[in-house]
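The chain contents come next:
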Amino acid sequence: MKKVYSLLLVPVFLLSTLHSICQPAKAEAGIREIMEQNNVIGLSVAVVKKGKIIYTHSFGSKDVESNTALTDDCLFRIASISKSFSATSIMQLVEKKKLSLDDDIGKLLGFSIRHPKFPETVITLRMILSHRSGINDSQGYFTLDVINPAKNPGWVKCFSDYEPGTAYRYCNLNYNMAGTIIEKTTGERFDQYVKHHVLDPLGLYGGYCVDSLDKSRFATIYEYDGNAKKFNASPAAYAPRSEEIAHYTMGYSTPIFSPTGGMKISATDLAKYMTMHMQLGRYKKTKIISKKSARQMQTKLSEKEGYGLAIMTTENLIQGKIMKGHTGSAYGLYSTMFFQPKEQFGFVVISNGCNPAYTDGMNTVMRKTITCLYDSFIAATQQ
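Just so it is clear, the structure is predicted and the values come from calculations on it, not from any experiment.

**Quick look at the overall build of the protein**
Right, on to step 1. When helices and strands are counted, the protein shows ten helices and 16 strands.
Right, on to step 2. Rg of the C-alpha trace for the protein: 22 Å, near the compact-globule value of 21 Å for 383 residues, within the 12% margin.
Right, on to step 3. By residue count, 54% of the 383 residues in the protein fall in the buried class.
Right, on to step 4. When contacts within the protein are restricted to residue pairs at least 6 apart in sequence, long-range pairs at least 24 apart make up 66% of them.
Right, on to step 5. Roughly 16800 Å² of accessible area belongs to the protein as shown, and the carbon and sulfur atoms make up 53% of that amount.

**Quick notes on the environment of Trp-155**
Right, on to step 1. Following the sequence through the fold, Trp-155 ends up in the loop between α4 (125-129) and α5 (172-186).
Right, on to step 2. What makes Trp-155 partly exposed here is its relative accessible area of 21%.
Right, on to step 3. Apart from the residues within four sequence positions on either side, Trp-155 is in contact with Arg-114, Pro-116, Val-146, Ile-147, Asn-148 and Pro-149.

**Quick notes on the sheet that holds strand β5 (residues 206-207)**
Right, on to step 1. Read across the open sheet, the three strands follow the order β4-β8-β5; overall the sheet is antiparallel. In the strand order of this sheet, the two ends are held by β4 (76-77) and β5, each with one partner.
Right, on to step 2. Of the pairings in the sheet, the one linking β4 to strand β8 (residues 264-265) comprises two bridges and is antiparallel in character. Bridge pairing in β8 places Arg-77 opposite Lys-264.

Parameters and conventions
- Residues numbered from 1 in each chain as written.
- Predicted model: local features only at pLDDT ≥ 70, side-chain atom pairs only at ≥ 80, totals over all residues.
- Heavy atoms only, no water.
- Helix = DSSP H or I, 4+ residues; strand = E, 2+ residues; numbered from the N terminus.
- Rg over C-alpha atoms; globule rule 2.2 N^0.38 Å.
- Buried < 20%, exposed > 50% of the residue type's maximum accessible area, 1.4 Å probe, protein only.
- Contact = heavy atoms within 4.5 Å.
- Areas by Shrake-Rupley, 256 points an atom, 1.4 Å probe, with all protein chains shown as cover.
- Pairing = 2+ DSSP bridges.

The values reported here are purely geometric and, on their own, carry no functional implication.
The following block contains the structure:
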């Protein structure tokens, strides 16, 4: 019997090896088909399983004009996934008791922020992080002047027609205010705080300040012009804003760095950051936030939308799986970061330009690519 058992091990081992070889081949064939069908410029992906990155790959172009291929070390402006870096930083300060999620944001910012129809209702830090503040982006969000009564006569238009804390409305201004609060609380410029307290401890290369990064690594972002049926480069995505930074006012100019959408990072490093959240605040031996803080971020506060504190919950991505994460879109870029906390797998998908069509509330290319990666690397191993 022992001899028979040892012989059986050989084909099992060979099958396992063959399976590990076939997984990337299956995924790459599927992704190339998705790219051809959906007019994709470039796509960078990463797959995480049981705390480890098991696959990374980049497809297509980094820059069309120079015919440069996209590689895994290319940096992207990841748009709204950036919000989770701001929320993570806030949770660090809550843990240190420098902030409370129930604090009045007006007091933290240094000027009154109250809904004109509900002046007695305190707008809290928790409300802005969960998009339940009653604030909207109708006046813009690249400066705090829009909501500052002393700066903008039309400040009342920043408020929606319901009481703060009672409903959800996605709002970029919320997170530019959150970034400013980080700055006022710590005395450290926002981009530097995130670098020193989130990126550096995790060993990640990236940041909010364009001039601090290697610009040769930026993937050019392309926006699709539906009328002309062509892609146009979006250089504004990496505008350094050097002149504004030179005249920076600490604790007020923070939106220059776009805490709401300005993080530049590679898909591979974003996957490491995602793993930290999947493992409740810890990556390898480095603790960024407590388990309690991580769970708070992942707990949905708006049932219909599934939004927590910069991390949303969805059952509409992979059938039968509750996924947590965030999406981003700006300047033509699309980004997706989602993980399954119990089964410990997750995906990062970023495109620097693709067909802007949506399917069930998500960019079609993002959705199809995640499905392809799940089928190739996760579902295949569970069969």
